[in-house]
Amino acid sequence: FLFLLVSYLVQNNIGNIDDYIVEGYFGALMFIFIEITATVFAPISAIPLLPLMSEKYGWFIAGLLSIVGWTIGSVIAFLIARKYGSPLVRKLISLEKISEIEKRIPETNLFWSIVFFRMILPVDILSYILGLFSRIKFNTYFWATLIGISPFAFILAYLGTLPLYYQISFFITGMLILVLGYLLYKKKTI
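Residues numbered from 1 in each chain as written. Predicted model: local features only at pLDDT ≥ 70, side-chain atom pairs only at ≥ 80, totals over all residues. Heavy atoms only, no water.

(A) Fine view of the environment of Pro-48. Mapped onto the elements, Pro-48 comes out in the loop between helix 2 (24-40) and helix 3 (50-57). Each C-alpha atom of the pair Pro-48 and Gly-160 lies 9.2 Å from the other, and the pair is 112 residues apart in sequence. (Helix = DSSP H or I, 4+ residues; strand = E, 2+ residues; numbered from the N terminus.)

(B) Examining the environment of Ile-67 more closely. Positionally, Ile-67 belongs in helix 4 (residues 59-92). When the C-alpha positions of Ile-67 and Ile-149 are compared, they lie 6.4 Å apart, and in sequence the two are 82 residues distant. For Ile-67, the contacting residues outside a window of four places in its chain are Leu-146, Ile-149, Ser-150, Ala-153 and Phe-154. (Contact = heavy atoms within 4.5 Å.)

(C) Fine view of the environment of Trp-112. Position of Trp-112 relative to the elements: it lies in helix 6 (residues 110-120). The exposure class of Trp-112 is exposed, given its relative accessible area of 56%. Taking the C-alpha atoms as reference, Trp-112 lies 7.0 Å from Ala-144; in sequence the two are 32 residues apart. (Buried < 20%, exposed > 50% of the residue type's maximum accessible area, 1.4 Å probe, protein only.)

(D) Main features of the nonpolar core. If you look at the biggest cluster of nonpolar residues, it comprises 22 residues, and the most contacted ones within it are Leu-50, Leu-65, Trp-70 and Tyr-128. Listing elements by their share of this core, those giving two or more residues are helix 2, helix 3, helix 4, helix 7 (123-133) and helix 8 (138-159). If you tally residues by element for this core, the top one is helix 4, at seven residues. Grouped together as the second largest cluster of nonpolar side chains are eleven residues, Val-75, Phe-117, Leu-121 and Leu-130 included. (Core = buried A, V, L, I, M, F, W, Y, C linked by side-chain atoms within 4.5 Å.)

(E) Examining the side chain of Ser-66 more closely. By secondary structure assignment, the location of Ser-66 is in helix 4. Those residues within four positions of Ser-66 in sequence are excluded, and the remaining contacts are Phe-31, Glu-35, Leu-50, Thr-71 and Ala-153.

(F) Just the packing of aromatic side chains, in detail. On inspection of all chains with the given rule, the structure shows nine aromatic pairs. With centroids separated by 6.3 Å and ring planes inclined at 85°, the aromatic side chains of Trp-59 and Phe-154 adopt a geometry described as edge-to-face. Here the residue Trp-59 occupies a position in helix 4, and Phe-154 occupies one in helix 8, the gap between them amounting to 95 residues. Owing to a relative accessible area of 36%, Trp-59 belongs among the partly exposed residues under this scheme. Residue Phe-154 is classed as partly exposed on the basis of its relative accessible area of 22%. (Phe/Tyr/Trp six-rings, centres within 6.5 Å; stacked < 30°, edge-to-face > 60°.)

Here is the structure:
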């Protein structure tokens, strides 16, 4: 919802908003820092800023900046969970939420499972889950994260440049696909 709201505001008021956006490298670095912070300190989300960044830097650069920020934030969250375990993670995110999702991560084909989960689950939660409960090697985690985050980052960055009715249609279609996929999954596991 916030993504759609910001997108609407950006598309209809970019002249007024443009004065408040930091230009150039500093603005890009600020966005990456916000993405990292939002990933490490769940449940904050920087996704609503993507339409703004897409308008300012173009959708491709906004997608790249998101990939960098989300990947670095994911790595930090993963390493926090690995090093400090559940006492610290409990302060950052609900362990009940983590435990619920952790049960769904398969032991086989872990790399491709992470790539898939990166596309459908919040970046922060999955990073803490994998850091706490998996034995995945860091290198495998990093590459699966990078591959899984990339399509989502580019899709959202591009979506932020489209008219609002396309964005709404995309989100409704996406939600229907997720619900249908979930129902099929539940039917298969019963």
